[in-house]
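Spelled out from the first residue to the last, the chains are:
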Amino acid sequence: MTDLTIDVTKEKPETRNLTIADGLFILIGVATAVLRLTELGKLPLSAAEAHEALAVWQFWQPGATSTAIGSPAYFTFTALLTQVFGISDGVMRLAPALFGVALVLLTWLLRERLSTVGALITAVFLTVSPIAVVVSRTAGGDSIALFAAYLLLIAWVNGR
């Protein structure tokens, strides 16, 4: 015969509590989102941004001929976002802004190599970096490419 008893003495897996570093990182993430996502549509698109946005707009127009696509990643993400949020200057900058926020959040994956304090300092520097903010708030594929390059670097560093 088989024994059908249930062992109730097994301990539950440990749950990880939030630390002060986790809370600080969440605050950095909120600050990053505020810097990159607020008032995206306040300024009109520049000529380069308008060229990128025109390709997305023409894609959804029946019978329109398409223009040259600058960044396939930007085009893909923005084309999807325009179907959810509509077409505006702010929506055309939304995909790069979201990748700019994710770029800062990726730093948390380096806390084993940099230490927790090092990862927090790096995240703060990326949050307030004028170049990182401008690239994240500009329609185009630069922010997505920066995110991809940083993700590749993190994968390489953590895989060693």
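Residues numbered from 1 in each chain as written. Predicted model: local features only at pLDDT ≥ 70, side-chain atom pairs only at ≥ 80, totals over all residues. Heavy atoms only, no water.

**So, the overall build of the chain**
Where we set the bar: Counting from the N terminus, the helices are DSSP H or I runs at least four residues long and the strands are E runs at least two residues long. All radius of gyration figures rest on C-alpha atoms, and the globule criterion is 2.2 Å times the number of residues raised to 0.38. Only protein chains enter the calculation, and the probe is 1.4 Å; a residue is then buried if its accessible area is under 20% of its type maximum, exposed if over 50%, and partly exposed in between. Pairs of residues are marked as contacts when any of their non-hydrogen atoms sit within 4.5 Å.
What the chain contains, in helices and strands, is nine helices and zero strands. Across the chain, helices and strands are ordered from the amino to the carboxyl terminus as α-α-α-α-α-α-α-α-α. Relative to a compact globule of 160 residues, whose C-alpha radius of gyration would be 15 Å, the chain shows 21 Å and is clearly more extended. When the backbone C-alpha atoms are referred to their principal axes, the chain occupies close to 75 × 50 × 30 Å. Out of the 160 residues in the chain, the part that is buried amounts to 35%. A separation of at least 24 residues holds for 66% of the contacts in the chain among residues at least 6 apart in sequence.

**Looking at helix H9 (residues 142–159)**
Quick note on the threshold: Expected span, for any helix, means 1.5 Å times one less than how many residues it has. Arc definition: it is the arc formed by the directions from the helix axis to the C-beta atoms.
Over its 18 residues, H9 extends 25 Å from the first C-alpha to the last, a length consistent with the 26 Å expected when each residue adds 1.5 Å. Of the positions making up H9, those classed as buried are Ser143, Ile144, Phe147, Tyr150, Ile154 and Val157. Projected down its long axis, H9 carries its buried residues within an arc of 155 degrees, all on one side. Set apart from the buried face of H9 by more than 90 degrees, the exposed residues are Asp142, Leu152, Trp156 and Gly159. Close packing links the buried residues of H9 with helix H3 (72–85), helix H5 (94–106), helix H6 (111–114), helix H7 (116–128) and helix H8 (130–136).

This is a description of form; function is not addressed.
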